[in-house]
Amino acid sequence: IVEAMKHYANSIIMEQVESSEMYASCDPENDDWYSAYYEEHYGYDYHYWEGYYDDDDDSEKNNDTEFDLFYDDGAVDISRTKKQVRSSSPSMHHKRNAPLPRPRTTDKSSSHIRSNGPSSGQQRSSTSSKPEDNFHTNTPVDGVDPADKVKSDGKFVYAAYGDVLYVWNATDATQGVSITAMLGNATDCHWNETEAEPCNYVSKPKIQALLLSGGRLTAIVDQFSYVYPLPENYTSPIISVSTKLSVQVYDVSNLKLGTPLKMLAHEELNGSFVDGHSVEDKALIISQVFFDLYQFTEDLYRYNSQYCGLSSSEYTARAAEVAASKVEAFAKQLVDELKLINNGCSNIFQVTMMQGSSNGTNGNSSMPDLTGGNLISGFTQVTTFDMASDFGSDGSISLSVAGAFNEGWISVTSVGDGFIATVTNGYTYDFSTEKSYYNTYLLGFDTTGATAEPFCYGSVPGWLNNKFSLDLWDGHLRVATTAYDDWTSNTSNKIFVLRIPEDGSFMETVGETEHLGEDNDSIYAVRFIEKGAYVVTYGAVDPFIIVDLSDHTEPKTVGELEIPGHSSYLQKLEVDGEHFILGIGSQITNETTWESSLKLTLFDVKDPSSPRVAAEHLAANLSTDAEYDFQAIRYLTESKKLVIPFSSYVDGISTDGFMVFDVASDEIELAYDITLPSETDYCWYEASVPPRMLVVQSKLTTVKGHSVVNADLSTGSVVWELDLDVGFNYSVCEIYEYDYDEYYYNQSWGTYSPTYVPTRPPVSDDDGAL
């Protein structure tokens, strides 16, 4: 850390020498020295515009005091002022901009549950009478259970709804529900410019994900907070504390509906939640922390008064002394705040530049620094713990922590058998062309033990599309990337094969494909399945490509099919014992209006050299979350049904729900749809559940937003409905007449006067806000 911060300091000092030479002309005895400097170097009077508008009655007079070019210990702390300006008051709960059609007929002030409702769509007979269960979280890796906002053990369903956890019987919610509020109190601020005391704003807790194993349920919860205005002599921490992340473990072994769950333990983590999963009872959570490095660098900038009048060489020497005097203490404080000492540095990757080279040597001193000097803007933390352990009497959890310092945000995490890889973006420098290109850097952790351990590292050109762009198989990591050449606007789509070393170290690239797809295409979807990969690229045409990966050293394209439209998500399906690849995407169906349709494509891949479209289905004016959320899809092998959410907005009418398709080897046909209650009343609680679906005892349960609908899987006939919003703020609905055009016009010109006309007296919440 010390060496990385010295490197950063050096980069800043060198940049200041090049860009801020004017401060060498500074005269500490003359407050107006810069006027002469501007006159000499730029040929105009620095004060020319002062008072220009003073005689204009229509203009505001500028009575602000002149901004000082320097600050010292006796001046206003500019760094503190900037931080105050960056802070803002929390926005109120905004209601929807425009009313939606089909108002809900259910009385929201009544019970959560409505049973024995009518079917909401077409009804088709099922081809199977066998009771079916399919409720586990969709996962690309066997044995790994991804964190998600909806979980089920087949007996109960657990759903994260903002700051509360809902539980209901998986087949019959009419038996009642359990509602558990998350640990953590919210505090609001009533902003008053005359108040001298700072206010500590803390948002409501929000459940980011759930993990379920045996009789234990773990909620991953965060809260946002800040202090405003900052108190005097406030010492800001280095690591970002605006987000407080915690894990809360609950006992669900003897669950009783109607009562909250019993909390067994809770513990705070560093950073913001990125990803997580469980393997049996072991929980693994990835979070990321960002650093405020300005605390270290603020005294290095040349506008500080201590550098007034110094030549570049004198400034360089003094700034280097300042950096050297601070760096050891800064590094110690950072390590203390990250709590790394308790866990040891053996579980932390060494600091790296995330920069490589081609046609040259990494250690070549002529290689430019492409990172801007900042090598440690954040820290990726990998936390593991045993969900089934006997926790401390005080509710504490024994956590094991590993991680790596990084320059930017983690873009992707990949999971394999006892292995995870975190992905960050960096650069590579080509000495032959003297150009830089984007690179993907991979840090692999061994997760077979109780603690994740740094194990291997590697890099490949380009960017990854999503977590499906990475796959672990047979001791090799397969990576699909699109590399963009900013200099020529060309793209290169390839799959790289990296060998994972047995003893841990550098992952060597042992194979790579030729360019996949057409010129200037980019990878839109990829799915690795053992010895093969299925890839869809997006461009002028959208080919479906099959890649043979049976030989790690010679991956090659064996089949390709060009079809209209594209797929954003690919999944393997089994229909009557045969394997297909399902593509979910869209297709332009009207080139004049650019209207698009939801497209489902069933690819027959029995002959890899000659893939063909076995079936497809187009649905006009529809979209689905399943294109980008791989948990928002469920295929039922026994009944051969596909369930995905949908949304539409046609002629001012918005509709949400789920579509259930019958899938055959030569046909995808809509069986029925489940339409959710319309949110027309602006008054929903500031929480929602992403679209999820599960099947227990041949009953389909769909969850989206604030609504849960249970229906017969065969016919689509609705059995019961659960309203998650009942009993929370904004649950008493106020219907408004709403002039959207006038509201938009007023907002566009900076005034706030939307024409809300309540049809009934308004209802206030506890804080008095409508």
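Enquirer: Any chance you could explain the pairing of strand S36 (residues 653–664) here in plain terms?
Expert: Remark: a regular strand shows side chains that alternate across the two faces of the sheet. Of all the twelve residues making up S36, nine are buried; the element is thus mostly covered by neighbouring parts of the structure. Bridge count between strand S35 (residues 641–650) and S36: ten bridges; the pairing is antiparallel. Note that in S36 the partner of Ser648 across the bridge is Thr655. Taking the residues between adjacent antiparallel strands as the criterion, S35 and S36 are bridged by two residues, where Asp651 takes a positive phi near 55°.

Enquirer: Got a minute to help me understand the side chain of Asp521 in this structure?
Expert: By secondary structure assignment, the location of Asp521 is in the loop between strand S24 (508–512) and strand S25 (522–529). A polar side-chain atom of Asp521 sits 3.1 Å from the main-chain amide nitrogen of Glu518.

Enquirer: How should I be thinking about the packing of aromatic side chains in this particular structure?
Expert: Geometry of an aromatic ring pair is reported as the spacing of the ring centres plus the angle between the planes. Under the defined criterion, the tally for this structure stands at 20 aromatic pairs. Taken together, Tyr23, Trp33 and Tyr34 form an aromatic cluster joined through their ring pairs.

Enquirer: What should I look at first to understand the packing of helix H1 (residues 2–19) against helix H5 (residues 312–338) in this one?
Expert: When two helices pack together, you describe them by how their axes are tilted relative to each other and by the distance separating the axes. Contact pair H1 / H5: the axes reach a minimum separation of 10 Å and the direction vectors enclose 155°. One element, H1, and the other, H5, form an angle in the roughly antiparallel class. At the point where H1 passes H5, the crossing takes the right-handed sense. In contact with Val2, Met5, Lys6, Ala9, Ile12, Ile13, Met14, Gln16 and Val17 of H1, H5 contributes Ser312, Tyr315, Thr316, Ala319, Ala320, Ala323, Val327, Glu328, Phe330 and Ala331. Broken down by class, the residue content of the contact of H1 with H5 amounts to 14 nonpolar, three polar and two charged.

Enquirer: Even after reading the chapter, I still don't get the sheet that holds strand S23 (residues 491–499), so can you show me in this structure?
Expert: By way of backbone hydrogen bonds, the strands of a sheet pair with one another, either parallel or antiparallel. With respect to topology, four strands assemble into an open sheet ordered S21-S22-S23-S24, the strand pairing being antiparallel. Of all the strands in the sheet, just strand S21 (470–473) and S24 have a single pairing partner and so form its edges. This sheet shows a mean twist of 30° between the axes of neighbouring strands, independent of strand direction.

Enquirer: Teacher, can you tell me more about the pattern of salt bridges here?
Expert: Any two side chains of opposite charge can pair, on the condition that their charged atoms come close. All told, the structure shown has 20 salt bridges when counted by the stated rule. Note that Arg302 is salt-bridged to Glu21, the shortest N-O span being 3.6 Å. Taken together, the positions of Arg302 in the loop between helix H4 (294–297) and H5 and Glu21 in the loop between H1 and helix H2 (33–42) put the pair 281 residues apart, joining distant regions of the chain. Accessibility expressed as a relative area gives 39% for Glu21, which makes it partly exposed. In this structure, Asp471 and Arg478 form a salt bridge, with 2.6 Å as the shortest nitrogen-oxygen distance. Side by side, Asp471 and Arg478 carry an identical accessibility label, which is buried. Residues joined by salt bridges that share partners form a network here, namely Glu578, Asp604, Lys606 and Arg612.

Enquirer: When you look at the state of the cysteines in this model, what are you seeing that I'm missing?
Expert: Covalent bonding between the sulfur atoms of two cysteines defines a disulfide. Following the criterion strictly, the structure yields one disulfide and no others. The partner cysteine of Cys26 in its disulfide is Cys308, sulfur to sulfur 1.6 Å. Given an S-S torsion of about -80°, the disulfide between Cys26 and Cys308 has left-handed geometry. With a gap of 282 residues between them, Cys26 in the loop between H1 and H2 and Cys308 in the loop between H4 and H5 connect regions that are remote in the sequence. Here Cys26 and Cys308 have matching classes, each one buried.

The rules behind the values
- Residues numbered from 1 in each chain as written.
- Predicted model: local features only at pLDDT ≥ 70, side-chain atom pairs only at ≥ 80, totals over all residues.
- Heavy atoms only, no water.
- Buried < 20%, exposed > 50% of the residue type's maximum accessible area, 1.4 Å probe, protein only.
- Helix = DSSP H or I, 4+ residues; strand = E, 2+ residues; numbered from the N terminus.
- Pairing = 2+ DSSP bridges.
- Polar contact = N/O pair within 3.5 Å; in protein donor to acceptor, adjacent residues only side chain to side chain.
- Phe/Tyr/Trp six-rings, centres within 6.5 Å; stacked < 30°, edge-to-face > 60°.
- Axes fitted to C-alpha atoms, helices over the stretch in contact; angles between N-to-C directions.
- Parallel < 35°, antiparallel > 145°, perpendicular 65-115°, else oblique.
- Left-handed = near helix turned anticlockwise from the far one by under 90°.
- Contact = heavy atoms within 4.5 Å.
- Nonpolar A, V, L, I, M, F, W, Y, C, P; charged D, E, K, R; others polar.
- Salt bridge = Lys/Arg side-chain N within 4 Å of Asp/Glu carboxyl O.
- Disulfide = S-S within 2.5 Å.

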